[in-house]
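Chains, contacts and geometry: an overview
Here is what each chain is made of, one letter per residue.
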Amino acid sequence: MEKFLALPQERQDIIAAAAMSVFGAVGYKKAYISDIAAAAGISKALVFHYFGSKKTLYLYLIEYTGKIMAASVQEQRNTESADFFEKIVEAAKLKLSIMNRYPAMAGFLASIYYEDDPAVASEIQELLSKGEDVRMQIALSGTDESKFKDGVDPKLVINILVKFTEGVMGSRLDNLVSIDAIMLEFSQCVDLLRNNLYKEEFLK
């Protein structure tokens, strides 16, 4: 990994994008290093030189996407609203805008939620769990939870929305629709939850 990380950032991004495209299209098991190398415009030997194994490359990509997301979210935190659903929508818009800038990332992120190859399944769950903790902190930090009806658990609402977005992404693995269409569907889901989970005085 040290040799890969010593490359110029632009070169790292090209190789990462190529690998994400291949993994996102066919999954972990069916992805071949030769295909990744061809997509990146480098030799198969060089991929192994940089990463050592397909598994190391795959797990690196999960961390790579997580760092991009976290850095972008951190930049936006100073302008966040105290309203739970406004924060959720803004976070979703940010995530989709990042995927728009990194097209290969959308398919890759969608695919990892459904990856069940035992070679990487446990590591994926561990990394996703860490991401969930960060997501909860961002969504709940500074949020006015008094707007919710009594008995509503905001953490459960977040989990519902996460499962929804996973389903939206997963259903489009073969034919990913436009960012605008995904955002419209997500916003409609958020509005439905807001109208049913907020107290009446906060819906005016």
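Remember, predicted model here, so these are calculated numbers, not experimental data.

Here is what the cut-offs are and how they apply
- Residues numbered from 1 in each chain as written.
- Predicted model: local features only at pLDDT ≥ 70, side-chain atom pairs only at ≥ 80, totals over all residues.
- Heavy atoms only, no water.
- Helix = DSSP H or I, 4+ residues; strand = E, 2+ residues; numbered from the N terminus.
- Expected span 1.5 Å × (residues − 1).
- Bend = angle between axes of the 7 residues up to and from the residue.
- Buried < 20%, exposed > 50% of the residue type's maximum accessible area, 1.4 Å probe, protein only.
- Lys, Arg positive; Asp, Glu negative; His and termini not counted.
- Salt bridge = Lys/Arg side-chain N within 4 Å of Asp/Glu carboxyl O.
- Polar contact = N/O pair within 3.5 Å; in protein donor to acceptor, adjacent residues only side chain to side chain.
- Contact = heavy atoms within 4.5 Å.

What follows covers helix H2 (residues 9-30). Taking 1.5 Å as the rise per residue, H2 with 22 residues should run 32 Å; its terminal C-alpha atoms sit only 28 Å apart, a clear shortfall. Where H2 bends most, the angle comes to about 80 degrees, and this point is Gly-24. Taken together, the buried positions of H2 are Gln-12, Ile-15, Ala-16, Ala-18, Ala-19, Met-20, Val-22, Phe-23, Gly-24, Gly-27 and Tyr-28.

Here we take up the side chain of Glu-115. When you line up the elements, Glu-115 lands in the loop between helix H7 (103-112) and helix H8 (121-140). Look at Glu-115: it is buried, it has no salt bridge, and the nearest opposite charge is Lys-54 at 8.6 Å. A distance of 2.8 Å separates a polar atom in the side chain of Glu-115 from the backbone nitrogen of Tyr-28. Polar side-chain contacts of Glu-115 include one of 3.0 Å to the backbone nitrogen of Asp-117. Residue contacts for Glu-115: discarding those within four places in its chain leaves Gly-27, Tyr-28, Tyr-58, Val-120 and Ile-124.

This next bit is on helix H6 (residues 84-101). In this model, H6 (18 residues) spans 26 Å end to end at C-alpha, consistent with the 26 Å of a helix rising 1.5 Å per residue. Among all positions in H6, only Phe-84, Phe-85, Lys-87, Ile-88, Val-89, Ala-92, Leu-94, Leu-96, Ile-98 and Met-99 are buried.

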